[in-house]
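One-letter residues, chain by chain:
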Amino acid sequence: MRKMRTQRAIAVLASVLLIGGVAACGNSDTGGGGSKDDGKITMGFSQVGAESGWRTANTTSIKESAAAAGIELKFDDAQQKQENQIKAIRNYIQQKVDVIAFSPVVESGWDTVLKEAKDAGIPVILTDRSVDSADKSLYKTFLGSDFVKEGKLAGEWLVEQKKGATGPVNIVELQGNTGAAPANDRKKGFGEAIAANPNLKIIASQPGDFTRAGGKQVMEQFLKANPKIDVLFAHNDDMGLGALEAITAAGKVPGKDITIITVDAVKDGMQALADGKFNFIAECSPLLGPQLMDLAKKVKAGETVPARIETEETTFTQEQAKEALPNRKY
Ligand code: GYE
């Protein structure tokens, strides 16, 4: 008797769970249209573009981490245009996503659209690059690297290498896209570091838009205009890789005639470093996906998160690149 009652109770419980389960599935099938409290998180993500190896690895990290975290991802590639990012963010607001995350192509000009998201009650997470908005309540947190530090590490390495220099050391600089946080900050950090040695002089500095084609084209101009270039500081690997072609075509040996310093440490950059064509790389990690998804869950749950989360990174010499290369994931 007692056993039968227990069995019936189990059967009832099982059917309740089953119906509950089906109902839960039904809810999520409606497409996670945000703000509906179905427990599912929808994230609208506006990516800068596909300008570099770094960006490709970053996009992969975000897509894979969203899938692993069970977060529905709406993804838009802005092709390095701020207007496209603003359009994408407005779309996400209209679609009532739960969280908006984006990597701002430039630092300025975001207040209006961020205010629209805030008024709609949709939390915003900045990832990779930050904005210069004075009102910090417009976003929940910024997850990414310290770009000033990267520039500084690059500059400090050069100061050490050239400490015995008796005459001028001519440096050319390939900047990222105009107005981008990593372009502004890497320039600043590098400039501050090399000020330690008055022999080190930046004789030309132009944007190469973080692309290989841009790096090649601007380096060609640099080489034409300046007979003596001792050092190239490129704000990312891709521009450095593009510049290699221009340097070789000009009959110079990269890594020897011209010391080359870059930022990122993606596989192709690390290969160039291991091959002796680059001389030093300050790392910038693109693998922000897992932390971003964690933050999205916390923000959606109403938890407070730190206002700034900094990525951990290192630097590589040619020897260190040879060691690290076999295990490099991106
Ligand atoms: O260094 C560069 C990319 O914002 C940190 O953007 C990122 C930069 C990265 O195009 O390769």
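Residues numbered from 1 in each chain as written. Predicted model: local features only at pLDDT ≥ 70, side-chain atom pairs only at ≥ 80, totals over all residues. Heavy atoms only, no water.

Visitor: Can you break down the sheet that holds strand S11 (residues 308–310) residue by residue, with the values?
Guide: Pairing within the open sheet is parallel, and its 6 strands lie in the order S2-S1-S3-S4-S5-S11. Pairing within the sheet leaves two strands with one partner each, and these edge strands are strand S2 (72–77) and S11. If you compare each strand with its neighbour and ignore which way they point, the axes differ by 20° on average. (Pairing = 2+ DSSP bridges. Helix = DSSP H or I, 4+ residues; strand = E, 2+ residues; numbered from the N terminus. Axes fitted to C-alpha atoms, helices over the stretch in contact; angles between N-to-C directions.)

Visitor: Go over the confidence of the model for the protein with me, naming the residues and quoting the values.
Guide: The pLDDT averaged across the protein works out to 91; a share of 89% of its residues lies at or above 70. Averaged pLDDT values over the elements of the protein bottom out at 38 in helix H1 (residues 2–29) and peak at 99 in strand S8 (residues 231–234). Note on residues 1–34: pLDDT is under 50 here. Beyond four places in sequence and across chains, it has 15 contacts. (pLDDT = per-residue confidence, 0-100. Contact = heavy atoms within 4.5 Å.)

Visitor: Now, about the site of the ligand: what can you tell me, with residues and values included?
Guide: In the vicinity of the ligand lie 13 residues, with Glu51, Asp128, Arg129, Asn236 and Asp264 positioned nearest. The contact in question runs from an oxygen atom of the ligand to an N or O atom on the side chain of Arg129, over 2.7 Å. Between the ligand and Arg186, the relevant distance is 2.9 Å, taken from an oxygen atom to a side-chain nitrogen or oxygen of the residue. Isolated, the ligand exposes 300 Å² of accessible area, and the fraction of that covered by the protein chains is 100%. The cavity where the ligand resides is the largest cavity. Mapped onto the shell around the ligand, the elements with two or more residues apiece are helix H2 (53–69) and helix H6 (181–194). (Near = heavy atom within 4 Å. Polar contact = N/O pair within 3.5 Å; in protein donor to acceptor, adjacent residues only side chain to side chain. Areas by Shrake-Rupley, 256 points an atom, 1.4 Å probe, with all protein chains shown as cover. 1 Å grid on protein atoms, 1.4 Å probe; cavity = no way out; pocket = protein on both sides within 12 Å on 5 of 7 lines; lining within 4 Å. Sits in = over half its atoms within 2 Å of the grid points.)

Visitor: Just give me the short version of the nonpolar core, but keep the residues and values in it.
Guide: The biggest cluster of nonpolar side chains holds 40 residues, and the ones touching the most others in it are Met43, Ile125, Leu158, Ile261 and Leu292. Contacts of Met43, omitting those with residues within four sequence positions, involve Ile71, Glu72, Leu73, Lys74, Val99, Ala101, Leu292, Met293 and Ala296. In this structure, Leu223, Ala243, Ile247 and Ala272 belong to the second largest nonpolar core, which totals 32 residues. (Core = buried A, V, L, I, M, F, W, Y, C linked by side-chain atoms within 4.5 Å. Buried < 20%, exposed > 50% of the residue type's maximum accessible area, 1.4 Å probe, protein only.)

Visitor: Explain the pattern of salt bridges residue by residue, including any values.
Guide: Throughout the structure, instances matching the rule amount to 19 salt bridges. Among the salt bridges present, the one from Lys163 reaches Glu160, with a minimum N-O distance of 2.5 Å. The salt bridge involving Glu283 is made with Arg328; its shortest N-O contact spans 2.9 Å. You can see Glu283 sitting in strand S10 (residues 280–283) and its partner Arg328 sitting in the segment after helix H11 (318–324), a full 45 residues away along the chain. (Salt bridge = Lys/Arg side-chain N within 4 Å of Asp/Glu carboxyl O.)

Visitor: Summarise helix H10 (residues 289–300); cite the residues concerned and give the values.
Guide: Think of an α-helix as turning once every 3.6 residues; residues three or four places apart then point the same way. In a regular helix each residue adds 1.5 Å, so 12 residues correspond to 16 Å; H10 covers 16 Å between its end C-alpha atoms and thus fits that length. The set of residues buried in H10 consists of Gly289, Leu292, Met293, Leu295, Ala296 and Val299. Along the long axis of H10, the arc covered by the buried residues comes to 160°, so they all point the same way. Buried residues along H10 sit in contact with strand S1 (42–47), H2, strand S3 (99–102), strand S4 (124–127), strand S5 (141–144) and S11. At the C-terminal side of H10, Gly302 shows a positive phi close to 80°. (Expected span 1.5 Å × (residues − 1). Arc of directions from axis to C-beta.)

Visitor: Please set out the pairing of S8 residue by residue, giving values where relevant.
Guide: It is a general feature of regular strands that their side chains alternate between the two faces of the sheet. Judged by which residues are buried, S8 turns out to be covered on both faces: Val231 and Phe233 on one side and Leu232 and Ala234 on the other are all buried. Bridge analysis of strand S6 (residues 169–175) against S8 gives 4 bridges, and the strand direction is parallel. Opposite Glu173, over in S8, you have Phe233 as the bridge partner. Looking at chain direction, S8 and strand S9 (residues 259–264) are connected through 3 bridges and run parallel. Among the inter-strand pairings, Leu232 is bridged to a residue of S9, identified as Ile260. Chirality of the crossover, the property in question, places the unit of S8, helix H8 (residues 237–249) and S9 among those that are right-handed. (Right-handed = clockwise from strand over helix to strand, strands pointing away.)

Visitor: How would you sum up H6? Please name residues and give values.
Guide: End to end, H6 covers 20 Å across 14 residues, agreeing with the expected 20 Å (1.5 Å per residue, within 8%). Within the span of H6, buried status applies to Ala181, Pro182, Ala183, Asp185, Arg186, Gly189, Phe190, Ala193 and Ile194. Considering only its buried residues, H6 is in contact with helix H5 (147–161), S6, strand S7 (200–207), S8 and S9.

Visitor: Tell me about the pairing of S9, residues and numbers included.
Guide: In terms of burial, S9 is largely enclosed, as 6 of its 6 residues are buried. Taking every second residue as pointing to the same face, both faces of S9 are buried, with Thr259, Ile261 and Val263 on one and Ile260, Thr262 and Asp264 on the other. Chirality of the crossover, the property in question, places the unit of S9, helix H9 (residues 267–274) and S10 among those that are right-handed.

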